[in-house]
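# Structural characterization, general
Here is what each chain is made of, one letter per residue.
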Amino acid sequence: MCDNHGNSAAEAAWSAPRVAEGPAVDPVALPEVDEVGVTMMVDNTFDALLASAEGVTRASVDAGRTAARQFADGEAVAGLRAEHGFSALVTVQSGNASSTLLFDTGASPDGLAVNAERLGIHVGGLQGVVLSHGHFDHAGGFDGLAKLRGRSGLPLTVHPAVWTRRRLELPAGQGLEMPTLSRGALEREGFEVIERRQPSLLAGGILITGEVDRVTEFEHGMPQDTKPGTGTAGDTIPPSSTTRHSSSTCAAGDLSSSPGAATPEWSTSSGTP
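Residues numbered from 1 in each chain as written. Predicted model: local features only at pLDDT ≥ 70, side-chain atom pairs only at ≥ 80, totals over all residues. Heavy atoms only, no water.

### Focus: the overall build of the chain
- For the chain, the count of helices and strands is 5 helices and 14 strands.
- Residue burial in the chain is summarised as follows: out of 273 residues, 41% are buried.
- A separation of at least 24 residues holds for 72% of the contacts in the chain among residues at least 6 apart in sequence.
- Of the roughly 13,800 Å² that the chain leaves accessible, carbon and sulfur atoms contribute 52%. (Helix = DSSP H or I, 4+ residues; strand = E, 2+ residues; numbered from the N terminus. Buried < 20%, exposed > 50% of the residue type's maximum accessible area, 1.4 Å probe, protein only. Contact = heavy atoms within 4.5 Å. Areas by Shrake-Rupley, 256 points an atom, 1.4 Å probe, with all protein chains shown as cover.)

Printed below as a string of structure tokens:
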């Protein structure tokens, strides 16, 4: 929530914690699985010299070979694309069955797709995408993902407020109109949009927590992220508050790049024996 920025009582009420509608969902029983693997597809940093360790497999040191005419052999090792964004591939293995979901898509239109190709990851087997929240650095890679898949029909689970227009008021009077997702554009790219506030069990028994309200005194959100806006259809949208959906995984498998500072805000959890 945002403090002392002149928002109306109605706007503050929209941003306040609220009970999720629907039947009680706690506790949620998770099926046991044999293995959970998390591959970092997009992160803030990439270090090609980091070595693999127990439980962590790094990208090959020669990942991302690309044409470069200034070198004698005509190529360079570009590594993976790092950016101010986040994306992770979650794979759950249970017996001979495997389920894979994409959690967020990074910031740039092509960063996720570039890294998938450089890592040799085929996204045709994806069973769904989950967005932690609507900020552009978690939702920018849909264009590249759609082109890489080359087919439609991929479920996309989002919070209903993901379409909210947001503006950042930065120091020295600078303002940033944050890119806003378009449901119509996503559907035209072949994504099947599913809006959910409640916890949901997705493919392979992966749990997303649904909306997690801010109930602690020390969580105040982004005080600069305060401006109301207008929806694509001309409807007034409440002011932007970062509606949160906490994120964690019960087990981490192969990591293809070093962890960064991004904090996803939905939860993906899977039970392990």
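### Structural notes on helix α2 (residues 111–119)
- Those residues of α2 that fall on the buried side of the exposure criterion are Gly111, Leu112, Ala113, Val114, Asn115 and Ala116.
- The inward-facing, buried residues of α2 contact β1 (35–42), β4 (87–94), β5 (97–103) and α4 (142–149).
- Of the residues one or two after α2, Gly120 is the one with positive phi, at around 70°.

### Overview of the sheet that holds strand β7 (residues 154–158)
- Across the sheet, which stays open at both edges, the 6 strands sit in the order β1-β4-β5-β6-β7-β10 with mixed pairing between neighbours. Edge positions in the sheet fall to β1 and β10 (191–195), since each of these pairs with one other strand and no more.
- As paired elements, β5 and strand β6 (residues 129–130) share 2 bridges and run parallel to each other. What sits directly across from Phe103, in β6, is Val130.
- Sheet strands in contact with α2 are β1, β4 and β5, and its direction is about 120° off that of β1. (Pairing = 2+ DSSP bridges. Axes fitted to C-alpha atoms, helices over the stretch in contact; angles between N-to-C directions.)

### A closer look at unusual backbone geometry
- Positive phi, close to 75°, is recorded for Asp104, a residue that is not glycine.
- By relative accessible area, Asp104 is classed as buried at 0%.

### Details of the nonpolar core
- In terms of nonpolar packing, the biggest core is built from 23 residues, with Phe142, Leu145 and Leu156 touching the most fellow members.
- Those elements giving two or more residues to this core turn out to be β1, α2, α4, β7 and β10.
- With sequence-adjacent residues up to four places away left out, Leu145 is seen in contact with Leu102, Leu112, Val123, Leu126, Val129, Leu154 and Phe191.
- Counting residues in hydrophobic clusters, the runner-up holds 7 residues, among them Val38, Ala88, Phe103 and Ile208. (Core = buried A, V, L, I, M, F, W, Y, C linked by side-chain atoms within 4.5 Å.)

### Overview of the confidence of the model for the chain
- Within the chain, residue pLDDT values average 76, and 71% of them lie at 70 or more.
- Of all the helices and strands in the chain, strand β14 (residues 236–237) carries the lowest mean pLDDT, 30, while β6 carries the highest, 96.
- Every residue in residues 226–273 is under pLDDT 50, and counting partners more than four places away or in other chains gives 181 contacts. (pLDDT = per-residue confidence, 0-100.)

### Things to note about the packing of aromatic side chains
- For the structure on display, the rule yields 2 aromatic pairs.
- When the centroid spacing of 6.4 Å and the interplanar angle of 85° are considered together, the rings of Phe86 and Phe103 count as edge-to-face. Of this pair, Phe86 sits in the loop between β3 (75–77) and β4 while Phe103 sits in strand β5, and the two are 17 residues apart along the sequence.
- Residue Phe103 is classed as buried on the basis of its relative accessible area of 3%.
- With a centroid separation of 5.1 Å and 80° between ring planes, the pair formed by Phe142 and Phe191 is classed as edge-to-face. (Phe/Tyr/Trp six-rings, centres within 6.5 Å; stacked < 30°, edge-to-face > 60°.)

### Focus: the pairing of β5
- Taken across its 7 residues, β5 has 5 buried, putting it largely inside the fold.
- Both β4 and β5 contribute to a ladder of 7 bridges, which runs antiparallel. Looking at the pairing, Leu89 lines up with Leu102 of β5.
- The antiparallel hairpin formed by β4 and β5 contains 2 residues in its connecting segment, where Gly95 sits at a positive phi of about 65°.
- Taken together, β5, α2 and β6 constitute a β-α-β crossover, and its handedness is right-handed. (Right-handed = clockwise from strand over helix to strand, strands pointing away.)

### Comments concerning α4
- Turning to α4, its buried residues number three or more, namely Phe142, Gly144, Leu145, Ala146 and Arg149.
- Of the residues flanking the end of α4, it is Gly150, one or two places downstream, whose phi is positive at about 70°.

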